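Descriptive analysis of the structure
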Amino acid sequence: MMQLLTIGGKCGVIVPDGVLFGSSRAHKELRQKLLEENQLEGIVSMPSGIFKPYAGVSTAVLIFVKGGKTGKVWFYDMEADGYSLDDKRTFIDGKGDIPDIIKRFRERRDTDPTDRKARCFHVPIEEIQANNYDLSISRYKEIEYEEVEYEPPEVIIDKIQALEREIQTNLSDLKALLRKG
C-alpha cells in the first residue's frame, strides 16, 4: 500500500495485531518504514471478535500518509463496534465506539491527550523507537489495578463451615418433611 500511494496520499488499513509487535526482521522494518518514511497518524486497536465468525484475531486500523516523518502517534483503544463480539455478532446499538473514535481522531491535532489510562493518547516517536518500534497499544497503555483485600483464610474457612452446617440442617429438615409425607 505504501508503494501504491503518491506522496501525500492517505491510507487506512486493517492489520492483524501481530503486525504491530511481531519480532521478525520484516515486521520491524515495516514498522520502521511506516514511522520514519511516512507519517503514521493513528492506530485504533480493535478487540478480537470484530470479524467473527470469519476470524477471531484482534486487529488494528493503521492510518498513515505517504511521505514525511512521524512525530507522535495517536492511539485509541476501541472496546466495541455496536455488535456483540461472539460468533453471533448480535446487534447492540450499531455504533459502539465508532462515533467517539471519529470525533477524537479529528481533534487529535488540537488536543494532546497524554493520560495513558484514557481511551486515547499520544506516544512520541522516540518512545516507540526505544521500544524496538513496537506499535501495540498494550506496550504504552497504563492499566490501573485495584487492590483487593481478602479476609484471612481462617475466617473464610469458618464461613464455609457455617454454610455447610446450615446446608446439612436444611437437608435434614427436608428429609424429615419427606418422611412425614
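Data block above holds the structure.
These numbers were taken from a predicted model, which means no experiment stands behind them. Just so you know, the residues in each chain are numbered from 1, in the order the chain's sequence is written. Since the coordinates come from a predicted model, pLDDT governs what is reported: local features require at least 70, and pairs of side-chain atoms require 80 or more to be given and counted, while whole-chain, interface and lining totals use all residues. Side-chain measures here rest on the full set of heavy atoms in the structure, leaving out hydrogens and waters.

Moving on, we come to the overall build of the protein chain. Helix and strand assignments follow DSSP, with helices taken as H or I runs no shorter than four residues and strands as E runs no shorter than two, numbered in order from the N terminus. When helices and strands are counted, the protein chain shows six helices and five strands. Ordering the α and β elements of the protein chain from the N terminus gives β-α-α-β-β-β-α-β-α-α-α. Relative to the compact-globule value of 16 Å for 181 residues, the protein chain shows a C-alpha radius of gyration of 25 Å, a clear excess of over 25%. By its C-alpha atoms, the protein chain is 90 × 35 × 35 Å across when sized along the principal axes. The size measure is the radius of gyration over C-alpha atoms, and the globule rule it meets is 2.2 Å times the number of residues to the 0.38 power.

Strand order in the open sheet made by the five strands is 1-3-2-4-5, with mixed pairing throughout. Edge strands, defined here as strands with exactly one partner in the open sheet, are strand 1 (10-16) and strand 5 (120-124). Pairwise comparison of adjacent strand axes, ignoring direction, gives a mean angle of 20° for this sheet. Of the pairings in the sheet, the one linking strand 2 (residues 38-46) to strand 4 (residues 72-77) comprises four bridges and is parallel in character. Two strands qualify as a pair provided that DSSP identifies no fewer than 2 bridges between them. Only the contacting stretch of a helix is used when fitting its axis, a line to C-alpha atoms as for every element, and angles between N-to-C directions run 0 to 180 degrees.

Such coordinate-based values are descriptive only and should not be taken to indicate function.
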